[in-house]
Amino acid sequence: MSEENQFEISRRNLFKVAGLGAGIALIPEMLQTSPTGAAVTNALWIPPKLSGSNFNLKLLKSTKQIAQGSVTKTYGYNGAGFWGPTLIMKKGDNVTLNVTNGLSEETTTHWHGMHLPAKMDGGPMQVISVGDTWSPHFKVMNNAATFWYHPHMHKTTQKQLALGAGGFIFVQDSKEAALALPRTYGVDDIPLALGSRTLSAVNQISTTAIYGDTMLANGVANAQATLPAQYVRLRILNMESERVLNLGMSDNRTFHVISTDGGLVRKPIPLKRLLMSPGERYEILVNLSNDKIGSVVALCAYNRGLAFGYGGSEPATTGDFGSLLNNANFDVLKIKITKPIAKGISSLPTKLTTNIFPVASQVTNTRTIAITDNGPGTPFTFDGKSYSMDYINQHVKLGATEAWTVTNDRVFGHSFHIHDVQFKITSRSTGAVPAHENGWKDTFSILPNEKVTFIAKFDDYASSKWPFMYHCHMANHEDGGLMGQFLVEQ
Ligand code: C2O
Ligand code: CU
């Protein structure tokens, strides 16, 4: 990214943090410039861990000092100011979660990416009334990977997520545990929930803004992590409403993808840019072993010049689709290098796992899902139908292996997500499926005039009553009706 631009963005963020308007002179003492053009930095917050087989979560109104000046009103699980505890689950365990709604509005809590009975899924029909506790239980069937939980209350998902309600789930298993990978939580294994939010003049989060002006990493603006001079593992989630993040390092060094949404990939995949749309997770390894102690490098979003159709590519800085971060390059996390840790990782693993994906010859049914709308400016829909809790859009037979083709002939891109299954993307009409999408996925970006096909096996859990959801993970689109539901039936 051009230094000038980086500085410009940092400067804008500084104005935000300092609560200053453009045109007011900066107080020189506040500027501590770093190699990445950064001004003020705040330590990255690492959410506490919860482990075992019983998890108690309580969603509460909370507050966080996000910017200088007024404290920001937020939502958080278990008293967190923004973004909740990380749940550590072991594959094969039977877990129970007790989720209490301490808000003054209804909510739900969904376990994004987890394979479980629809009744336990926390979709829009599993409403937790104010003051109530919902106690789903399920066997952890997924492979080791990074999942997350978040509210899925129809029409208020965007609001509740914008205010900070959500958290990570790390699934662990014996295969992943046997690999030489960074796994000291918060030290060389870092949860990183990335999303921008718009703060008002008195620092309150807009619950309707499509794009935020202030980038937050785990709820922290101008975040900086202090990480050891070794390989570090970043478990990244895009928790934006609508913005994609085209991630790369400030010095353009290569990093390696080791895991997609639902599990490890075969071997580390080298990349310089990783495009993530809302809801997607990737785990990457970044080699810091050649960095000088005390030096600073940054994880950046190279969003300048993204084609129209990608969330956040719009050039406007104000208005409904405007933001100070639109079509710009900006830092998402500064990394300050500290000395290596005893159990750190100094080399890249050559092999990670063997995945057996469902293939075309096994497909027992195909279906096409079209992203539609009812004319310019109307909300997006699937197949001409806005989400209704009383309508089952798709019926899937238990045990079926299905190929779903999602088509998008409308003006804008989306982030397609399906519950229950992890799938394999088998084709993109716009070109080859990128190397880093060769893994278990539950969410993907789809551009205007693109068709994406994936194959999934729908096994283990059937119900004639409780559906699973598929939807756009751009929270405003989902709340606006770009969501459908499917039953998996005997
Ligand atoms: Cu992240 Cu339907 O969910
Ligand atoms: Cu969408």
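This write-up is about the structure you can find in this document. Just so it is clear, the structure is predicted and the values come from calculations on it, not from any experiment.

### Looking at the sheet that holds strand β11 (residues 167-172)
- Taken together, the five strands give an open sheet; going across it, the order is β2-β5-β11-β10-β7, and neighbouring strands pair in mixed fashion. What marks the edges here is a single partner per strand, and that holds for β2 (49-51) and β7 (110-112). Strand-to-strand, the axes of this sheet are offset by a mean angle of 25°, without reference to chain direction.
- Relative to strand β5 (residues 86-90), β2 is paired through three bridges, and the arrangement is parallel. Bridged to Ser51 within β5 is Ile88.

### Things to note about the nonpolar core
- The biggest cluster of nonpolar side chains holds 45 residues, and the ones touching the most others in it are Leu192, Leu194, Leu234, Ile236, Leu299, Val332 and Leu333.
- Here this core takes five residues from strand β23 (residues 329-338), the largest share from any one element.
- When sequence neighbours within four positions are dropped, the list of residues in contact with Val332 reads Leu194, Met215, Ala217, Leu247, Leu299, Cys300 and Ala301.
- The next biggest cluster of nonpolar side chains, apart from the first, holds 44 residues, and it includes Phe82, Met120, Trp134 and Phe168.

### Here we look at the coordination of the copper ion (ligand 2)
- Protein coordination at the copper ion (ligand 2): the donors are His414 (ND1), Cys472 (SG) and His477 (ND1), at 2.0 to 2.1 Å from the metal.
- Coordination of the copper ion (ligand 2) draws on donor residues from a single chain, spaced H-x57-C-x4-H in sequence. Pair noted here: His414 is in strand β28 (residues 414-418) and Cys472 is in strand β32 (residues 468-472), with a separation of 58 residues, a long-range link. With respect to class, His414 is no different from Cys472; both count as buried.

### Comments concerning the packing of aromatic side chains
- Taken as a whole, this structure holds 24 aromatic pairs when the rule is applied.
- Between Trp111 and Trp134, the aromatic rings sit 6.3 Å apart at their centres with planes inclined by 10°, giving stacked as the arrangement. In this pair, Trp111 sits in strand β7 while Trp134 sits in strand β8 (residues 133-134), placing the two residues 23 residues apart along the sequence. You'll find Trp111 and Trp134 in the same group, each marked buried.
- Their ring planes at 80° and their centres at 5.8 Å tell us that Phe382 and Phe416 sit as a pair that is edge-to-face. With a gap of 34 residues between them, Phe382 in strand β25 (residues 380-382) and Phe416 in strand β28 connect regions that are remote in the sequence. Each member of the pair, Phe382 together with Phe416, is buried.
- An aromatic cluster of three or more residues is present, and its members are Phe382, Trp404, Phe416, Phe423, Phe444, Phe454, Phe458, Phe468, Tyr470 and Phe486.

### Re the side chain of Asn246
- Among the secondary structure elements, Asn246 is positioned in strand β17 (residues 245-249).
- Those residues within four positions of Asn246 in sequence are excluded, and the remaining contacts are Arg273, Leu274, Leu275, Cys300, Ala301, Tyr302, Asn303 and Leu306.

### Quick look at the sheet that holds strand β15 (residues 223-228)
- Strands sit in the order β1-β15-β23-β22-β17-β20 across an open sheet of six strands; the sheet is mixed. Whereas interior strands pair on both sides, the edge strands pair on one side only; in this sheet they are β1 (42-43) and β20 (274-276).
- Inspection of the sheet shows strand β22 (residues 296-302) paired to β23 by seven bridges, in the antiparallel sense. Bridge pairing links Cys300 to Asp331 in β23.

### Some points on the pattern of salt bridges
- Counted under the stated rule, the structure contains 21 salt bridges.
- Because the salt bridges share partners, they merge into one network encompassing Glu176, Arg183, Asp189, Arg233, Arg235 and Glu283.

Calculation criteria
Residues numbered from 1 in each chain as written. Chains lettered and ligands numbered in written order. Predicted model: local features only at pLDDT ≥ 70, side-chain atom pairs only at ≥ 80, totals over all residues. Heavy atoms only, no water. Pairing = 2+ DSSP bridges. Helix = DSSP H or I, 4+ residues; strand = E, 2+ residues; numbered from the N terminus. Axes fitted to C-alpha atoms, helices over the stretch in contact; angles between N-to-C directions. Core = buried A, V, L, I, M, F, W, Y, C linked by side-chain atoms within 4.5 Å. Buried < 20%, exposed > 50% of the residue type's maximum accessible area, 1.4 Å probe, protein only. Contact = heavy atoms within 4.5 Å. Donors = N, O, S within 2.8 Å, 3.2 Å for Na, K, Ca; no water. Phe/Tyr/Trp six-rings, centres within 6.5 Å; stacked < 30°, edge-to-face > 60°. Salt bridge = Lys/Arg side-chain N within 4 Å of Asp/Glu carboxyl O.

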